[in-house]
Amino acid sequence: MTDLLCPHCKTPIDEHEANRCLDGWVALSVTALELRMYPGALNPHHYPNDDWNKDYEGDMRHTRPVPEHSTDIAAAWDVVEKLISKGLFPGVGYDEETWEVWIFLDEPIEGQMGSHIKSRDPNEKLAICRAALKAVGAA
Ligand SMILES: [Zn+2]
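As the structure is a prediction and not an experimental result, all values here were calculated from the model.

What follows is about the pairing of strand 3 (residues 89-95). Inspection of the sheet shows strand 3 paired to strand 4 (residues 98-104) by 7 bridges, in the antiparallel sense. When the sheet's bridge partners are listed, G91 is paired in strand 4 with W102. What sits between the antiparallel neighbours strand 3 and strand 4 is a turn of 2 residues, in which E96 has the positive phi angle 50 degrees.

Right, dumping it as structure tokens:
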């Protein structure tokens, strides 16, 4: 499998740090938020509020920041739930001070390791984000 590169900074997935760039990548590829880029904005990753319509184009008051998927466990868990809604089967484990996130691409069968994506990191939010991006890239 070829290494996935961040569409914004071109960093390989397994080297990408937990930051707003990764949050934007997850929002774009996993949770499928409609991102709009604002030149010069402090945080370029914004998406429309519910009251968005095209008349507000470029008006920051009608957008909100992308959730902090890679640094906030509540926002990371939204990614896990999104994977479930896509028909994937995530699992989270902890071993030797490192979090492991598996995402099974098919329904798990007792006693068998089906095709799956795995990601390990001491930061469980980062492991979730990396595994999720690999899973949607591979599924
Ligand atoms: Zn990036």
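Having seen the structure, we can now continue with the description.
With that settled, the discussion passes to unusual backbone geometry. The phi dihedral of K10 falls on the positive side, at around 70 degrees, and the residue is not glycine. The topology assignment puts K10 in the segment before helix 1 (20-29). One non-glycine residue, E96, adopts positive backbone phi at about 50 degrees. Assignment of secondary structure puts E96 in the loop between strand 3 and strand 4. Looking at E96, the number of C-beta atoms within 10 Å reads 7, which means it is exposed.

For the α-helix, the turn length of 3.6 residues means that residues three or four positions removed from each other point alike. The end-to-end C-alpha distance of helix 2 (residues 73-85) is 18 Å, a good match for the 18 Å that 13 residues give at a rise of 1.5 Å each. Among the residues of helix 2, A75, A76, V79 and L83 are the ones counted as buried. Mapping the buried residues of helix 2 onto a view down its axis gives an arc of 105 degrees, with all of them on the same face. Within helix 2, the exposed residues directed more than 90 degrees away from the buried face are A74, E81, I84 and S85.

Spatial strand order, 3-4-5: 3 strands in an open sheet with antiparallel pairing. Each of the sheet's edge strands pairs with one partner strand only, and the pair in question is strand 3 and strand 5 (116-121). For this sheet, the mean inter-axis angle between neighbouring strands, taken without regard to orientation, is 15 degrees. Of the strand pairs in this sheet, strand 4 and strand 5 are connected by 6 bridges, and their pairing is antiparallel. Each bridged residue has a counterpart across the sheet, and for F104 the counterpart in strand 5 is H116.

How each quantity is defined
- Residues numbered from 1 in each chain as written.
- Predicted model: local features only at pLDDT ≥ 70, side-chain atom pairs only at ≥ 80, totals over all residues.
- Pairing = 2+ DSSP bridges.
- Helix = DSSP H or I, 4+ residues; strand = E, 2+ residues; numbered from the N terminus.
- Buried ≥ 20, exposed ≤ 12 C-beta atoms within 10 Å, placed from the backbone.
- Expected span 1.5 Å × (residues − 1).
- Arc of directions from axis to C-beta.
- Axes fitted to C-alpha atoms, helices over the stretch in contact; angles between N-to-C directions.

By themselves, these observations are geometric and do not establish any function.
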